[in-house]
Amino acid sequence: MPEAEPEAKAEEPKVTAEAMPEIVVQKMSKEDAEKQHGISGWGTWGCDVSKFDWQYSGTEQAYVLEGEVLVTPTKKWAACRPTRVCAGDFVTFPDGMTCVWDVTAPIKKHYNFI
């Protein structure tokens, strides 16, 4: 009697860094950020030195007015680069990204979801 073939297990698709968008940072003056994006019409947010988990529920664009943070992607985003963001940076965070924010200098930013 022939042996029964083992049941094939469905493999979960592997997510690679190439498939996940990275955090994008551009150095930009506040004047250029205003001309190109109208940041003065955006919301503002800030926090003191702290460390916390975060998940983006939309693609966020932000202009950092002051401070510094190291954003380290986590979970299925863990293959993406940790990114240091500081005053004078225009940054785009991808929709759905999970990460840890490690704020090393009190931060203040204009932000907008697109």
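Because the structure is a prediction, the values reported are computed rather than measured. (Residues numbered from 1 in each chain as written. Predicted model: local features only at pLDDT ≥ 70, side-chain atom pairs only at ≥ 80, totals over all residues. Heavy atoms only, no water.)

### Regarding the overall build of the chain
Okay, so step 1: Scanning the chain for helices and strands turns up 1 helix and 7 strands.
Okay, so step 2: Put simply, the chain runs from its N terminus to its C terminus through helices and strands in the order β-α-β-β-β-β-β-β.
Okay, so step 3: When contacts within the chain are restricted to residue pairs at least 6 apart in sequence, long-range pairs at least 24 apart make up 80% of them.
Okay, so step 4: By element, 52% of the accessible surface of the chain is carried by carbon and sulfur atoms, the whole surface being about 7,400 Å². (Helix = DSSP H or I, 4+ residues; strand = E, 2+ residues; numbered from the N terminus. Contact = heavy atoms within 4.5 Å. Areas by Shrake-Rupley, 256 points an atom, 1.4 Å probe, with all protein chains shown as cover.)

### Quick notes on the nonpolar core
Most often, soluble globular proteins have nonpolar side chains that are buried together.
Okay, so step 1: Val 69, Val 71, Phe 93, Trp 101 and Ile 107 are the most contacted members of the largest nonpolar core, which has 18 residues in total.
Okay, so step 2: Broken down by secondary-structure element, the contributors of at least two residues to this core are β4 (60-73), β6 (89-93) and β7 (98-113).
Okay, so step 3: Those residues in contact with Ile 107 that lie beyond four places of it in its chain are Trp 45, Gly 46, Cys 47, Val 64, Glu 66, Gly 67, Glu 68, Val 69 and Trp 101. (Core = buried A, V, L, I, M, F, W, Y, C linked by side-chain atoms within 4.5 Å. Buried < 20%, exposed > 50% of the residue type's maximum accessible area, 1.4 Å probe, protein only.)

Don't take any of this as a statement about function, it's just geometry.
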